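The chain contents come next:
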Amino acid sequence: MDAETASPLFDAAADPRSLRRFEDERFLTGHGNYADDTPAAGQLSAVILRSPHAHARIAAIDTAEALALPGVRGVFTADDLIADDVGTLPCHIVFPEGQKLFVPPRYPLARERVRFVGDGIALVIAESRAIALDALERIAVEYDPLPAVVDAVAARAADAPLLWDDAPGNLAFHFWRGDRDAARAAIAAAEHVVELDLVNNRIAAVAMEPRVAIGSWDAATGRYRLTCSGAAVHMIRRELAEGPLGVPPADIEVIAPDVGGGFGMKSVPYPEYALLLWAARRLGRPVHWIAERTEEFTNGAHGRANVTRARLGLDAAGNFLGLEVETVADLGAYVSSGGPGSSTLAPSSVMGGLYAIPAVGMDVVGMLTNTAPIDAYRGAGKPEANYIIERLIDLAAHRLGHDPVALRRRNLVRNFPHRTAMGVLVDSGA
């Protein structure tokens, strides 16, 4: 390592101590405590009937045969929730002044229309999971299929199927940050310009432990309890309280024991959580639900799902002058609690990476499609932003004959504190 790149931050000799992890023995010897390891006394089992269609009207639902099965304690649809004043799931993302976000009404069970494969239609609760699954197959649903759009770019077309009447053109938001005019001017005056179209494909998180939850109701105290394989328990509590259940957050206790992987997708207040708590109160017994692996793929929060066009301007010596980024972000059929921020607020704070770029402009449109909702996953926007600038630098080095490492070193931020073109203050290089 030469003098220019040497740093105590990466020099093992500067601090030779190695901190031992304290939790390994418990996990390696099978003494972890997960949400599914401690059943609640007298718990019932819940399963959910899900849509096989990406877009369809629900013409009729017949639950009579399912209800008649011995051991079934309830079969519920959106009508039951609405009659009991169960509300919609909120989204608390706040954009800068002048930038608005459309949040579709997402009830815990689909109302009138399903909008993606996996959308919940009916909740079955029984004495055992086996009975609940048998009852699920006895529910008869009549669908009127509708045209669907599953690509965010295609959703912008004038003739694209419309998901929500209150979202013309399937547009949920238009977000911008930085100075797009300054970035365009810098690029126009640049000696060299490189441009890329990039795709961050849709992904499913697939944690080793699937989502699992137990909802309980304490009639004596009037409080709910949710035990789940989750993270961000305060946000989950707040959004369940302020949205579907309509109670003060203090009336809900959320417990997350050991979690077998989450990566962001378990920070979401899922519809199933609201269903379990509501059903526990209605039936007077705890209610347990665990996702099948197919449910994790179809209606667990997905990640990424955006298409970007990016341009970088350089002078004759290889100094970066301006960066312009235009992104079409897929949100899915509904706006999940952290989904809009994953393609807007999160990447904007690091757009341009480690490099001193005088002018940066970022423009994002969020589109609604007939797909599972997008939410945070593994950095939530930061990897996408880094991917943009690093790919552009590699392309510039290849086309202009620069060494890729030398080109990066030339443009690294060196003077601290440094305020980026996006307005973020970096106090030091450490």
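Look up: the structure comes first, before these words.
Residues numbered from 1 in each chain as written. Predicted model: local features only at pLDDT ≥ 70, side-chain atom pairs only at ≥ 80, totals over all residues. Heavy atoms only, no water.

### Focus on the sheet that holds strand β8 (residues 192-204)
Taken together, the five strands give an open sheet; going across it, the order is β7-β15-β14-β13-β8, and neighbouring strands pair in mixed fashion. Two strands close off the open sheet at either side, each with one partner strand: β7 (171-178) and β8. Each strand of the sheet is rotated relative to its neighbour by a mean of 10°, with strand direction disregarded. Pairing of strand β14 (residues 320-332) with strand β15 (residues 359-368) involves 10 bridges; the strand directions are parallel. What sits directly across from glycine 322, in β15, is alanine 359. Contacting β7, β8, β13 (302-314), β14 and β15, helix α5 (residues 180-188) runs over the sheet at an angle of about 130° to β14. (Pairing = 2+ DSSP bridges. Helix = DSSP H or I, 4+ residues; strand = E, 2+ residues; numbered from the N terminus. Axes fitted to C-alpha atoms, helices over the stretch in contact; angles between N-to-C directions. Contact = heavy atoms within 4.5 Å.)

### Considerations on helix α12 (residues 404-411)
An α-helical turn contains 3.6 residues, so any two residues separated by three or four positions project in the same direction. Taken together, the buried positions of α12 are occupied by Leu407, Arg408 and Asn411. Seen end-on, α12 carries its buried residues on one side only, within an arc spanning 100°. Where α12 is buried, its residues meet β13, β14 and α11 (382-400). Where α12 begins, one side-chain oxygen reaches toward the backbone nitrogen of valine 405, 3.0 Å away; that side chain belongs to aspartate 403. (Buried < 20%, exposed > 50% of the residue type's maximum accessible area, 1.4 Å probe, protein only. Arc of directions from axis to C-beta. Polar contact = N/O pair within 3.5 Å; in protein donor to acceptor, adjacent residues only side chain to side chain.)

### Quick look at the packing of aromatic side chains
Under the definition given, this model contains 10 aromatic pairs. Between phenylalanine 95 and phenylalanine 175, the aromatic rings sit 5.4 Å apart at their centres with planes inclined by 55°, giving tilted as the arrangement. Residue phenylalanine 95 is located in the loop between α3 (78-83) and β4 (113-114), and its partner phenylalanine 175 is located in strand β7; the two are separated by 80 residues in the primary sequence. Accessibility expressed as a relative area gives 0% for phenylalanine 175, which makes it buried. For the pair tyrosine 270 and tyrosine 273, a centre-to-centre distance of 5.9 Å together with 85° between the ring planes defines the contact as edge-to-face. Judged by relative accessible area, tyrosine 270 falls into the buried class, the value being 3%. Here the guanidinium or amino end of arginine 211 rests over the ring plane of tyrosine 270, the centre of that ring lying 4.3 Å away. (Phe/Tyr/Trp six-rings, centres within 6.5 Å; stacked < 30°, edge-to-face > 60°. Lys NZ or Arg CZ within 6 Å of the ring centre and 35° of its normal.)

### With respect to the nonpolar core
Counting 48 residues, the largest nonpolar core has Leu312, Phe320, Leu323, Met351, Leu368 and Leu392 as the members making the most contacts within it. Looking at this core, the elements that each hand over two or more residues are β7, β8, β13, β14, β15 and α11. Of all the elements, α11 adds the most residues to this core, at eight residues. Of all hydrophobic cores here, the second largest spans 38 residues; its members include Leu81, Ile125, Leu226 and Tyr377. (Core = buried A, V, L, I, M, F, W, Y, C linked by side-chain atoms within 4.5 Å.)

### Examining the packing of α11 against α12
Between α11 and α12, the least distance of the axes is 9 Å, while the angle of their chain directions is 120°. Here α11 lies oblique to α12, going by the angle between them. The element α11 and its partner α12 pack so that their crossing is right-handed. From α11, Glu390, Ile393, Asp394, Ala396 and Ala397 reach across to α12, where they touch Pro404, Leu407 and Arg408. Split into classes, the residues belonging to the contact of α11 with α12 amount to five nonpolar, no polar and three charged. (Parallel < 35°, antiparallel > 145°, perpendicular 65-115°, else oblique. Left-handed = near helix turned anticlockwise from the far one by under 90°. Nonpolar A, V, L, I, M, F, W, Y, C, P; charged D, E, K, R; others polar.)

### Description of a nonpolar patch on the surface
On the surface, a nonpolar cluster with roughly 220 Å² of combined accessible area is contributed by Val153, Val199 and Val307. Note on placement: valine 199 falls in strand β8. (Patch = residues over 30% accessible without salt bridge, like charges linked within 9 Å, V, L, I, M, F, W, Y side chains within 5 Å. Areas by Shrake-Rupley, 256 points an atom, 1.4 Å probe, with all protein chains shown as cover. Salt bridge = Lys/Arg side-chain N within 4 Å of Asp/Glu carboxyl O.)

### Concerning the pattern of salt bridges
Note that side chains of opposite charge can pair when their charged atoms are close. Tallied over the entire structure, the rule returns 24 salt bridges. Here aspartate 197 makes a salt bridge to arginine 309, at a shortest N to O gap of 2.7 Å. Residue aspartate 197 is found in strand β8, and its partner arginine 309 is found in strand β13; the two are separated by 112 residues along the sequence. For aspartate 197, a relative accessible area of 52% puts it in the exposed group. Since its relative accessible area comes to 42%, arginine 309 is described here as partly exposed.

### Description of unusual backbone geometry
Look at the link from phenylalanine 416 to proline 417: it is a cis peptide, with omega at 0°. Mapped onto the elements of the fold, proline 417 is located in the loop between α12 and β16 (418-419). For asparagine 170, which is not a glycine, the phi torsion comes out positive at approximately 60°. Residue asparagine 170 is classed as buried on the basis of its relative accessible area, which comes to 1%. Even without being a glycine, phenylalanine 263 presents a positive backbone phi close to 60°.

Any functional reading would require information beyond the geometric quantities listed.
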